[in-house]
Amino acid sequence: MTDTDQALHSFTLDGKQVPFSAGETLLQAATRAHHYIPHLCWHPDFQAQGSCRLCQVKVNGHPGAACTVQAANGLVVESNTDELNRQRKTLLQMLFVEGNHFCPSCEKSGNCLLQATAYQMGMEGPHFEEFYPDRPVDASHPDILLDFNRCILCELCVKASRDVDGKAVFAIGGHGIATHLLVNSESGQLADSAMTLHDRAASICPVGVILPKRRGFSVPIGQRRFDMRSVAQEVQGGTE
Ligand code: SF4
Ligand code: FES
């Protein structure tokens, strides 16, 4: 893209010019330009889901999800404002109490996008009353453990298994507050599915639901992904 093209194809994000290519969303263009917009259910390799609302921004003064709004020339986008960050913190607190997210005892600690985003947004406590759900853990598979108590329903594992692995191991069931992740096998157990440790779905979960067995502490706490750089620094450094 030339300088002239760039001037013709850019929007402002918190006062900074962000160039974009045709078809890109605000979040795609911002991430490519190393600008952090908080997000949970979006992953650069998959089509946006638009469900977590962490990426909610203001576009020309109106609310919109940065992962689904198409970039357009001259848009004025606000993201890093006190009002939006307060809303994000509230959403995170609701997610934390809806599941069982006990970071000190979770082997995903330091590699977890939910935890890293909560740190980024300055969340210091759950604020709301905990639900303490009691969802069974599926340890049936020889190589993979499923702890459904931490699922944030981002559906990335559903897409990865269906679209990349060609297996459709996971699905979403139920409605409203009873919406939940399920395993698509005759018994409902992971051991009866075709899933293997090499599947894309085995490494896509942003939180601590889909866990490879016997590897939980191979990298010590304190030396993990978000122990080294915050989630914003990671995007700003260009590794997402
Ligand atoms: Fe998302 Fe993980 Fe739940 Fe799958 S198991 S929906 S990847 S949080
Ligand atoms: Fe946009 Fe979840 S990242 S709604």
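Keep in mind that what you see is a predicted model, and the values were worked out from it rather than measured.

A. How the structure looks around the overall build of the protein. Helices and strands together make up the secondary structure of the protein, namely seven helices and 10 strands. Radius of gyration (C-alpha) of the protein: 19 Å, near the 18 Å computed for a compact globule of 240 residues. With respect to the three principal axes, the spread of C-alpha positions in the protein is 55 × 40 × 40 Å. Put simply, the protein has 240 residues, and 45% of those count as buried. Pairs at least 24 apart in sequence give 62% of the contacts found in the protein among residues at least 6 apart. When the accessible area of the protein is evaluated, it comes to approximately 12,200 Å², of which 51% is carbon and sulfur surface. Treating the 20 positive side-chain charges of the protein as one cloud and the 26 negative ones as another, the clouds have centres 2 Å apart.

B. Main features of the pairing of strand β3 (residues 56-59). Here four bridges tie β3 to strand β4 (residues 62-65), and the two strands are oriented antiparallel to one another. Each residue of the ladder has a partner; that of Gln56, found in β4, is Ala65. The hairpin turn running from β3 into β4, its antiparallel successor, is two residues long, and Asn60 in that turn takes a positive phi close to 50°. Across two bridges, β3 lies against strand β5 (residues 76-78) in antiparallel orientation. Paired with Lys58 across the bridge in β5 is Glu78.

C. Quick peek at the sheet that holds strand β7 (residues 144-147). Taken together, the three strands give an open sheet; going across it, the order is β6-β7-β10, and neighbouring strands pair in antiparallel fashion. Each edge of the sheet is formed by a strand with only one pairing partner; in this case those strands are β6 (137-138) and β10 (210-212). In the sheet, β7 pairs with β10 via three bridges, with the strands oriented antiparallel. Within β10, the residue paired with Leu145 across the bridge is Leu211.

D. Representation of unusual backbone geometry within the structure. Of note in the backbone geometry, Leu153 takes a positive phi value of approximately 55° without being a glycine. Note on placement: Leu153 falls in the loop between β7 and α5 (156-164). Unusually for a residue other than glycine, Ala168 sits at a positive phi of about 50°. Within the secondary structure, Ala168 is located in the loop between α5 and β8 (170-173).

E. Spotlight on the sheet that holds β5. On the basis of which strands lie adjacent, the open sheet formed by five strands has the order β2-β1-β5-β3-β4 and mixed pairing. This sheet does not close on itself; its edge strands, each paired only once, are β2 (16-19) and β4. For this sheet, the mean angle separating the axes of adjacent strands, direction not counted, is 35°. When strand β1 (residues 10-13) meets β2, the two strands line up antiparallel, connected through four bridges. Across the sheet, residue Ser10 finds its bridge partner in β2, namely Pro19. Strands in contact with helix α3 (residues 82-98) are β3 and β5; relative to β3, the strand with the most contacts, it is inclined by about 155°.

F. The arrangement of the packing of aromatic side chains in detail. Evaluated as defined, the whole model comprises two aromatic pairs. Taking the centre distance of 6.2 Å and the plane angle of 35° together, the rings of Phe11 and Phe20 count as tilted. In this pair, the class of Phe11 matches that of Phe20, namely buried. Look at Phe102 and Tyr132: their rings are 6.4 Å apart centre to centre, the planes differ by 40°, and that puts the pair in the tilted class. Of this pair, Phe102 sits in the loop between α3 and α4 (113-120) while Tyr132 sits in the loop between α4 and β6, and the two are 30 residues apart along the sequence. Overall, the relative accessible area of 40% leaves Phe102 in the partly exposed class.

G. Inspection of the nonpolar core at higher detail. Within the largest apolar cluster, 43 residues are counted, with the highest numbers of intra-cluster contacts made by Leu40, Leu114, Leu146, Phe170, Leu190, Met195 and Ile210. The set of elements that each furnish at least two residues to this core consists of α3, α4, β7, α5, β9 (180-183) and α7 (231-237). Ranked by size, the runner-up nonpolar core spans 19 residues in total, among them Leu27, Ala29, Ala65 and Val77.

H. Quick peek at the pattern of salt bridges. One pass over the full model with this rule turns up nine salt bridges. We note a salt bridge from Asp143 to Arg214, for which the minimum N-O separation is 2.9 Å. Of this pair, Asp143 sits in the loop between β6 and β7 while Arg214 sits in the loop between β10 and α6 (225-228); the two residues are 71 residues apart in sequence, bridging distant segments of the chain.

I. The pairing of β1, seen in detail. Side-chain alternation along β1 places Ser10 and Thr12 on one buried face and Phe11 and Leu13 on a second face that is also buried. From the end of β1 to the start of β2, which pair antiparallel, there are two residues, and Asp14 there has a positive phi angle of about 50°.

The rules behind the values
Residues numbered from 1 in each chain as written. Chains lettered and ligands numbered in written order. Predicted model: local features only at pLDDT ≥ 70, side-chain atom pairs only at ≥ 80, totals over all residues. Heavy atoms only, no water. Helix = DSSP H or I, 4+ residues; strand = E, 2+ residues; numbered from the N terminus. Rg over C-alpha atoms; globule rule 2.2 N^0.38 Å. Buried < 20%, exposed > 50% of the residue type's maximum accessible area, 1.4 Å probe, protein only. Contact = heavy atoms within 4.5 Å. Areas by Shrake-Rupley, 256 points an atom, 1.4 Å probe, with all protein chains shown as cover. Lys, Arg positive; Asp, Glu negative; His and termini not counted. Charge placed at Lys NZ, Arg CZ, Asp CG, Glu CD. Pairing = 2+ DSSP bridges. Axes fitted to C-alpha atoms, helices over the stretch in contact; angles between N-to-C directions. Phe/Tyr/Trp six-rings, centres within 6.5 Å; stacked < 30°, edge-to-face > 60°. Core = buried A, V, L, I, M, F, W, Y, C linked by side-chain atoms within 4.5 Å. Salt bridge = Lys/Arg side-chain N within 4 Å of Asp/Glu carboxyl O.

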